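Inside the fold
Listed below are the residues making up each chain.
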Amino acid sequence: MHLSRPPALAAAAASLVVLSAAAATAAAASPAGAPGQGKDGHYHFAVIGDVPYGDAQVAALPKWIDQINATPDLSFTIHVGDIKNGSSKCTNEYFGMIRSQFDRFTMPLVYTPGDNEWTDCHRANNGTYNPLERLSAIRSTFFDGPGHTLGADMTVASQAASGFPENVSFRRQGVDIATLHVVGSNDGLLPWPELGHTTPTPEQVAEERARMDAAVAQVRSAFADARQRHDRAVALFLQADMFDPTYDVTWADNSAFQPLVRELVAQSNAFDGEVYLFNGDSHVYNSDRPLAAGSKWLSFYGVQGSAENLTRVTVDGSSNNKDFLEVTVNRPGADHVLSWKRVPYTS
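The notes below deal with the structure included here.

This part covers the overall build of the protein. Of the regular secondary structure elements, the protein holds nine helices and 13 strands. Across the 347 residues of the protein, 58% fall into the buried class. The long-range fraction of contacts in the protein, counting pairs at least 24 apart against all pairs at least 6 apart in sequence, stands at 78%. Carbon and sulfur atoms make up 54% of the accessible area of the protein, which totals about 12,900 Å².

Core analysis: the biggest nonpolar cluster contains 33 residues, and Val182, Leu236, Met242, Leu260, Leu264 and Leu291 have the highest contact counts within it. When near neighbours in sequence (up to four residues on either side) are disregarded, Leu236 contacts Ala178, Leu180, Val219, Ala222, Phe223, Leu264, Tyr276, Leu277 and Phe278. Leu74, Phe102, Phe142 and Phe324 belong to the second largest nonpolar core, which has 31 residues in total.

This brings us to the packing of aromatic side chains. All told, the structure shown has 22 aromatic pairs when counted by the stated rule. With a centroid separation of 5.8 Å and 75° between ring planes, the pair formed by Phe243 and Trp297 is classed as edge-to-face. Of this pair, Phe243 sits in the loop between strand S8 (233-238) and helix H7 (251-254) while Trp297 sits in helix H9 (residues 296-300), and the two are 54 residues apart along the sequence. With a relative accessible area of 6%, Trp297 lands in the buried category. Taken together, a centroid distance of 6.1 Å and an interplanar angle of 80° make the contact between Phe243 and Tyr301 edge-to-face. With Phe243 in the loop between S8 and H7 and Tyr301 in the loop between H9 and strand S11 (310-314), this residue pair connects regions lying 58 residues apart in the sequence. Of the two residues, Phe243 and Tyr301, both sit in the buried class.

Right, let's talk about the layout of surface pockets for a bit. Approximately 170 Å³ is the volume attributed to the largest pocket. Around the largest pocket, the lining is made up of 17 residues, and of these Phe142, Phe143, His148, Thr149 and Leu150 lie nearest the centre. Breaking the lining of the largest pocket down by element, the ones donating at least two residues are strand S3 (108-111) and strand S6 (164-172). For the lining of the largest pocket, the residue count by class is ten nonpolar, four polar and three charged.

A word on the pairing of strand S12 (residues 323-329). Burial analysis of S12 places seven of its seven residues in the buried class, the great majority of the element. What you see with S12 is no split at all: Asp323, Leu325, Val327 and Val329 on one side and Phe324, Glu326 and Thr328 on the other are buried throughout. Note that strand S1 (residues 43-48) and S12 share five bridges and pair antiparallel. By the bridge assignment for S12, Ala46 is matched with Glu326. Bridge count between S12 and strand S13 (residues 338-344): seven bridges; the pairing is antiparallel. Note that in S13 the partner of Glu326 across the bridge is Lys341.

All right, on to the pattern of salt bridges then. Close approach of charged atoms allows side chains of opposite charge to pair. The tally for this structure, following the rule as stated, stands at 16 salt bridges. Between Arg99 and Asp103 there is a salt bridge, with its nearest N and O atoms 2.9 Å apart. Note on Asp103: relative accessible area 40%, which makes it partly exposed. Between Asp187 and Arg211 there is a salt bridge, and its shortest N-O distance comes to 2.6 Å. Here Asp187 is found in helix H5 (residues 184-188), whereas its partner Arg211 is found in helix H6 (residues 202-229), with 24 residues between them in sequence. Here Asp187 and Arg211 have matching classes, each one buried. Among the charged side chains, a network of salt bridges with common partners joins Arg99, Asp103 and Asp144.

What follows covers empty space enclosed by the protein. Across all of its chains, the model carries two cavities of 30 Å³ or more by this definition. Size it by volume and the second largest cavity reaches roughly 40 Å³. What lines the second largest cavity is simply Ile48, Val51, Leu61, Trp64, Ile65, Ile68, Phe105 and Tyr345. No other element matches the four residues that helix H2 (residues 54-70) contributes to the lining of the second largest cavity.

Reading across from one edge, S5-S6-S7-S8-S9-S11-S10 is the order of the seven strands in this open sheet, with mixed pairing throughout. Every other strand in the sheet has two partners, leaving strand S5 (157-159) and strand S10 (286-288) as the edge strands with one partner each. Going from strand to strand, the sheet's axes swing by 15° on average, the running direction of each strand aside. With four bridges connecting them, S6 and strand S7 (residues 175-179) associate as antiparallel partners. Note that in S7 the partner of Ser169 across the bridge is Ala178. Sitting on the sheet, H6 is in contact with S5, S6, S7, S8 and strand S9 (274-279), with an inclination near 15° to S6.

Reading guide: rules and limits
- Residues numbered from 1 in each chain as written.
- Predicted model: local features only at pLDDT ≥ 70, side-chain atom pairs only at ≥ 80, totals over all residues.
- Heavy atoms only, no water.
- Helix = DSSP H or I, 4+ residues; strand = E, 2+ residues; numbered from the N terminus.
- Buried < 20%, exposed > 50% of the residue type's maximum accessible area, 1.4 Å probe, protein only.
- Contact = heavy atoms within 4.5 Å.
- Areas by Shrake-Rupley, 256 points an atom, 1.4 Å probe, with all protein chains shown as cover.
- Core = buried A, V, L, I, M, F, W, Y, C linked by side-chain atoms within 4.5 Å.
- Phe/Tyr/Trp six-rings, centres within 6.5 Å; stacked < 30°, edge-to-face > 60°.
- 1 Å grid on protein atoms, 1.4 Å probe; cavity = no way out; pocket = protein on both sides within 12 Å on 5 of 7 lines; lining within 4 Å.
- Points joined across faces, edges and corners; volume = space filled by probe spheres on them.
- Nonpolar A, V, L, I, M, F, W, Y, C, P; charged D, E, K, R; others polar.
- Pairing = 2+ DSSP bridges.
- Salt bridge = Lys/Arg side-chain N within 4 Å of Asp/Glu carboxyl O.
- Axes fitted to C-alpha atoms, helices over the stretch in contact; angles between N-to-C directions.

Structure below.
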């Protein structure tokens, strides 16, 4: 879900320069040989999200995929959710069309769902679907090969055995990478009035609780692996902006995220390397440290302590979707493990 953003904030965000994290790095070696990565621990990948939004972006999507495919030395692409806008139909035909475009990636594509493609499908202009039925459709369309990526095939670990094939993880050159199926609309807990419900249904609450538990377990697993291997960084990818700077967030908007925020603080504090959190949802590029000491988000979520080594990055999306994020995993010994730049689409 996304609300109206003040134009001044969007303009200011658009002028931001490329930032990288301000956290200590712990260098460690890892095996080479994955697609597109060098043997010296240096490689690149792309991050996109909240795309395509509307007919014009649907029409442009093939050319944008072509441009990403043609970008030299990209190892993989990660889509952080929302494959449609919030006011269009959630049809099987649309999902199939997006899947056919995802299959055009010549590198591995990792996709984690957003709220627009299932939790918000109760809306009349979305088709008045039962969101849980649409979640099943998303899983059957995009996650029919558990443990394998879309686009070019890459083997990944997944939580398919627990019912969450969309939560995947893999490791490249001392960086542990994981997706978390955590979405806007308060992680799917906003009511479905078009279906006759003014409060969350028991089924809705149970689904969210199980999915959040799986996300928290995924975070614990990623950090445990990173600590065991003395890895340099953990990078997590999800749709929801849990720290949206573009409007006055209320507890009703974000209450469901509290267990994940608490876990991020605990795990980051127990890890000597850098932590990165990539998200979409709010549509305006941003890079910050939302869980550093003094942040308002610590008191908002009722979290003890802080996470000085966690950097969050929001990718451009919706009407701001004029670029993709190219992330560089730097060589061991660099000031920071990751750096990034926004690459404008040329068509």
